[in-house]
Amino acid sequence: MLQTDTLTAPDGWRLRWGQWPAPISPPPHAPAPRGTVVVLGGRCEFLESYDDIAQCWVKRGYRVFSLDWRGQGLSGRFLANRHKGHVPDFNLLADDLALFLTRIVTPATRDQPPIFFAHSMGSLVALLYLCRQSALLPQAMILSTPLLDLRTRPWPRWLARGLARAATTLGCGDGYAFGQSDYNPTRDAVFEGNIRTSNIEQFAIWHRAVTANPDLALGGVTFGWLEAAFRAFAVLAKPGMIERLDLPILVLSSPDDGLIPPAAHHALCQRAPHATLCSYPGSRHEVLRESESIQQRVWADIDRFLADKTET
């Protein structure tokens, strides 16, 4: 069962975090406790939206930790309008991850490094953290459709980047990017036409949680968020950044992802020395929230990866 608490960053920011303890006495035929998984969610997500995925890790014998990124969930928000998805610099989130690992995760796990399971924007933060960090490293990392680039249609990428930079330079970074707005359940909770998942039950998990607690809601992104994301992509694209990641990495990708071009995932695996890519045709952006058959394939690939890379 999810247990939540708060952590205060050095700048006074309130960060909400949670854990799902591993079973003390594993049921018959269940694996013995194997370690710790740190779940790093994507944009708009929060602890409750990962309960089902965390339970899958718990059933595999892992203790699970996670946090609400600053700017979303029930952590402190950047702007008076809570719906605005705003981040001025993704290094702030990487700093929060370092604090979370130092203050919460490491004391609980002692000498056993955790495994990172990061989705979308959480993968971007995890990579920024790892590329500048020499201590408190995970033993392995699983990246679900990592945010390494963006589809910007109908705008060309160069134009979207230029508009985001110009708006931020002119002091309009906290304004919604074109086409973005507050969360509207009448519009946003409609399953038809969504690009996240083809599984209607999985699609409903996030919206049910927001209905139960509207403070969890998050709308579209600001120009500042876009500019910060493009800057982070550029940092990771620098020669030698990804190449220094000396740990096993599993990248879960989909050729049909409507948010992130899969070419970015292939490029990551070509640069990282110990990366493996698994692709799931027919999946949308949320590969672990897809049809049962795709979910089963993803978990089988994760289990195989961990058996090969982290167990002796």
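Note that the coordinates shown come from a computational prediction; the quantities given were computed from them, not determined experimentally.

Undergrad: Teacher, can you tell me more about the sheet that holds strand 4 (residues 62-67) here?
TA: Sheet strands pair via backbone hydrogen bonds, and the direction of the pair is either parallel or antiparallel. Here we have eight strands laid out as an open sheet, ordered 1-2-4-3-5-6-7-8, and mixed in their pairing. Taken across any chain shown, the strands that pair with only one partner, and hence form the sheet edges, are strand 1 (3-8) and strand 8 (275-279). In this sheet, adjacent strand axes meet at a mean angle of 20° when their direction is disregarded. Here strand 3 (residues 35-40) pairs with strand 5 (residues 115-119) via four bridges, running parallel. Across the sheet, the residue bridging to L40 is A118, located in strand 5.

Undergrad: Quick question: what am I supposed to make of the side chain of T197 here?
TA: If you trace the backbone, T197 turns up in the loop between helix 5 (185-188) and helix 6 (200-212). Separated by 2.9 Å, the side chain of T197 and the backbone nitrogen of N199 make a polar contact. The contact partners of T197, leaving out residues within four places of it in the chain, are F191, Q202, F203, R284, R289 and E290.

Undergrad: What's the story with helix 7 (residues 223-237) in this structure? I'm lost.
TA: In an α-helix, one turn spans 3.6 residues; hence positions three or four apart end up facing the same way. A rise of 1.5 Å per residue sets the reference length of helix 7, with its 15 residues, at 21 Å; its end C-alpha atoms lie 21 Å apart and thus fit the reference within 8%. Taking burial as the measure, the 15 residues of helix 7 include 11 buried ones, the bulk of the element. Where helix 7 is concerned, the buried positions are F223, G224, W225, L226, E227, A228, A229, F230, A232, F233 and L236. Considering only its buried residues, helix 7 is in contact with helix 2 (90-109), helix 3 (121-131), helix 4 (157-169) and helix 8 (263-271).

Undergrad: I would appreciate a short explanation of helix 1 (residues 51-59) in the present structure.
TA: Where helix 1 is concerned, the buried positions are I53, A54, W57 and V58. Taken down its axis, helix 1 places every buried residue within 150° of arc, on the same side. The inward-facing, buried residues of helix 1 abut strand 2 (14-20), strand 3, strand 4, strand 5, strand 6 (140-144) and helix 9 (292-309). Positive backbone phi, approximately 95°, marks G61, located one or two places after helix 1.

Undergrad: Hey, could you run me through the side chain of S49 in this one?
TA: On the secondary structure map, S49 appears in the loop between strand 3 and helix 1. If near-sequence neighbours (up to four positions away) are discounted, S49 is found in contact with I205, W206 and R289.

Undergrad: Can you walk me through the pairing of strand 3 in this structure?
TA: Consecutive side chains along a regular strand alternate between the two faces of the sheet. In terms of burial, strand 3 is a largely internal element, six of the six residues being buried. The pairing of strand 3 with strand 4 spans five bridges and is parallel. In the strand pairing of strand 4, T36 is matched with R63.

Undergrad: Can you walk me through unusual backbone geometry in this structure?
TA: Working note: non-glycine residues mostly have negative phi, and peptide bonds are mostly trans. With an omega dihedral of 10°, the bond running from R153 to P154 counts as a cis peptide bond. Residue position: P154 is located in the loop between strand 6 and helix 4. Phi angles above zero are rare outside glycine, and S120 is one such case at about 50°. Following the sequence through the fold, S120 ends up in the loop between strand 5 and helix 3. Accessibility expressed as a relative area gives 9% for S120, which makes it buried. Its identity as a non-glycine residue notwithstanding, T145 has a phi of 35°, on the positive side. Tracing the backbone through its elements, the reader meets T145 in the loop between strand 6 and helix 4.

Undergrad: Even after reading the chapter, I still don't get the packing of helix 2 against helix 3, so can you show me in this structure?
TA: Pairs of packed helices are described in terms of their axes, by the angle between the two and the distance that separates them. Close contact between helix 2 and helix 3 brings their axes to 9 Å; oriented N to C, the two are set at 75°. The orientation of helix 2 with respect to helix 3, classified from their angle, is roughly perpendicular. Seen from helix 2, the contacting residues are F90, L93, A94, L97, A98 and L101; seen from helix 3, they are M121, L124, V125, A126, L128 and Y129. Classifying every residue of the contact of helix 2 with helix 3 gives 12 nonpolar, no polar and no charged.

What counts and how
Residues numbered from 1 in each chain as written. Predicted model: local features only at pLDDT ≥ 70, side-chain atom pairs only at ≥ 80, totals over all residues. Heavy atoms only, no water. Pairing = 2+ DSSP bridges. Helix = DSSP H or I, 4+ residues; strand = E, 2+ residues; numbered from the N terminus. Axes fitted to C-alpha atoms, helices over the stretch in contact; angles between N-to-C directions. Polar contact = N/O pair within 3.5 Å; in protein donor to acceptor, adjacent residues only side chain to side chain. Contact = heavy atoms within 4.5 Å. Expected span 1.5 Å × (residues − 1). Buried < 20%, exposed > 50% of the residue type's maximum accessible area, 1.4 Å probe, protein only. Arc of directions from axis to C-beta. Parallel < 35°, antiparallel > 145°, perpendicular 65-115°, else oblique. Nonpolar A, V, L, I, M, F, W, Y, C, P; charged D, E, K, R; others polar.

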